[in-house]
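# Remarks on the overall topology
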Amino acid sequence: MKIHRDLYDRMIEPTALFRAWELFRRGKRSRPDVAQFEYALESHIFALHRELQSQTYGHGIYSSFFITDPKQRHIHKATVRDRVVHHTVFQVLNPIFEPSFITHSYSCRVGKGTHKGVDAIDRMSRKVSQNNTRSCFALKCDIKRFFDSIDHEVLLTILARRIKDDRVMWLLNEIIRGFSHDKLRNGKGLPIGNLTSQLFANVYMNEFDQFVKHDLKVKYYARYTDDFIILNHRRDTLEQLIPRIRDYLMRALHLALHPHKVIITTPQRGIDFLGYVIRPYSITLRTKTKRRMLRHLGDRIDSFNDGVLSDESLIQTVSSYLGVLSHGNCEQLEDHVMTELWYKLERPLTLPHPDSIDSTHSFHVPSVPYACQSTSLHLGSLAESNEPNL
């Protein structure tokens, strides 16, 4: 295990902070707090550099709000200056820890993501079942209140194994424990919404990944944040793993399996993972996800008809949905989405020229009164972002 020293000066130098600002501000420049910070950018960046250099920096207070995704989540939003710090920390630490992560960890990593995770489980189920010629079982687990349960002491101990720079550890302590000031209990919890939280979550759960691969010697395993699946051709083998998994999580990471989300299923019944249901000859969208998608699409069309939503935003929404559907056997649902779009429009939708769009998915625009043209357009799905667009 490689040890890293003397990282702090590189992390907090003004050029690194300006680079962190450039990465942070993408897609956010019109927001009042971001615009205010940018108005006196050099003053803010150099003031931040001085505080970090003298170690007088203190993490600010979070603002919070709830979103439904589909379950209700409590999101905490840091100040702009703190989020610039998060970005500069991430740029230095992520390359250090990324090589230690297992291949089949799919959350918040470049080249990974939900679709790659679903494809991996589909491939694994075919290998275990030898192309559906023998039995295959999938153990699916979820950790209870994962982000709220991450133990600060355990996390800092894990980070300190690789980072032998006292000043970096001081800054990580400020960021991690800064959330405790926000009425969190007993030195636990990371805020959903921080870029650093995504890295810290992967560092934390990498301990479990290594346990599964090296101690339990599991061959077919994949994880996305706190959801993970293990596949085996014997059900009793999976049943025997559950107490060992539960014991390790509690003993080493102070985490608990969700009591109602430990399930053993088969591909024939469907493996529900990351919004998709994986079966031997198809990958389809989860029923709840379908309903939520169509409900949200209807709301967006209503907003467009009322003049609240722009043409570009509606096209982006449909593009995103078609990108999601393109990863499964969802042709009928694709047709349904397009029908919902074109037959509910009450005013013309200005379509972009195909050459001006990043093309990863195509669909045909039917000849209906408000369709501007009858042709094949290519609309790219929305790229996954490293940081929630708060």
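These remarks concern the structure in this document. Since this is a predicted model, take the numbers as computed values, not measurements.

Cut-off values and rules
Residues numbered from 1 in each chain as written. Predicted model: local features only at pLDDT ≥ 70, side-chain atom pairs only at ≥ 80, totals over all residues. Heavy atoms only, no water. Pairing = 2+ DSSP bridges. Helix = DSSP H or I, 4+ residues; strand = E, 2+ residues; numbered from the N terminus. Axes fitted to C-alpha atoms, helices over the stretch in contact; angles between N-to-C directions. Contact = heavy atoms within 4.5 Å. Buried < 20%, exposed > 50% of the residue type's maximum accessible area, 1.4 Å probe, protein only. Salt bridge = Lys/Arg side-chain N within 4 Å of Asp/Glu carboxyl O. Core = buried A, V, L, I, M, F, W, Y, C linked by side-chain atoms within 4.5 Å.

The 4 strands are arranged β4-β5-β3-β6 in an open sheet whose pairing can be described as antiparallel. At either end of the open sheet lies a strand with only one pairing partner, and these are β4 (221-224) and β6 (263-265). Between one strand axis and the next, the sheet turns by 20 degrees as a mean value, whatever way the strands run. By the bridge criterion, 3 bridges tie strand β3 (residues 137-142) to β6 in an arrangement that is antiparallel. What sits directly across from Ala138, in β6, is Thr265. Where helix α6 (residues 114-128) meets the sheet, its contacts fall on β4 and β5 (227-232), and the angle it forms with β5 comes to roughly 15 degrees. Strands in contact with helix α10 (residues 195-215) are β4 and β5; relative to β4, the strand with the most contacts, it is inclined by about 170 degrees.

Here 3 strands make up an open sheet; going across it, the order is β7-β8-β9 and the pairing antiparallel. On the outer flanks of this sheet lie β7 (271-273) and β9 (282-285), each paired with one strand and no other. Neighbour-to-neighbour, the strand axes of this sheet turn through a mean angle of 25 degrees, independent of strand direction. Bridge count between β7 and strand β8 (residues 276-279): 3 bridges; the pairing is antiparallel. By the bridge assignment, Asp272 is partnered in β8 with Val277. Sheet strands touched by α6: β7, β8 and β9. Its angle to β8, the strand with the most contacts, is close to 20 degrees.

A few words on unusual backbone geometry. Even without a glycine there, the phi angle at Lys217 is positive, about 55 degrees. Take Lys217: it is sitting in the loop between α10 and β4. For Lys217, a relative accessible area of 65% corresponds to the exposed category. Although it is not a glycine, Thr225 adopts a positive phi angle of roughly 55 degrees. For Thr225, the position within the fold is in the loop between β4 and β5. Owing to a relative accessible area of 13%, Thr225 belongs among the buried residues under this scheme.

Turning our attention to the pattern of salt bridges. As enumerated under the stated definition, the model contains 15 salt bridges in all. Here Arg109 makes a salt bridge to Glu98, at a shortest N to O gap of 2.6 Å. Note that Arg109 is positioned in the loop between α5 (80-97) and α6 and Glu98 in the loop between α5 and α6, a separation of 11 residues in sequence. Taking the relative accessible area as the measure of exposure, Arg109 reaches 11% and is therefore buried. Across the pair Asp209 and Arg223 runs a salt bridge whose closest N-O atoms are separated by 2.8 Å. With Asp209 in helix α10 and Arg223 in strand β4, this residue pair connects regions lying 14 residues apart in the sequence. Under the relative-accessibility criterion, Arg223 is labelled buried at 1%. Overlapping salt bridges bring together Glu22, Arg25, Arg29 and Glu38 as one network.

Along the chain, Ile245 falls in helix α11 (residues 235-253). Take Ile245: its relative accessible area is 0%, and that puts it in the buried class. Once the C-alpha coordinates of Ile245 and Leu216 are considered, the two residues, 29 residues apart in sequence, prove to be 8.8 Å apart. In this view, Ile245 contacts Leu139, Phe208, Phe211, Leu216, Phe228, Ile230 and Leu257; residues no more than four positions away in its chain are not counted.

One finds Leu93, Leu171, Leu172, Phe208 and Ile245 to be the most contacted residues of the largest nonpolar core, which totals 72 residues. Here this core takes 10 residues from α10, the largest share from any one element. Apart from the residues within four sequence positions on either side, Leu93 is in contact with Leu7, Met11, Ile163, Leu172 and Leu199. By size, the runner-up hydrophobic cluster in this structure holds 39 residues, among which are Met124, Val128, Tyr276 and Leu341.

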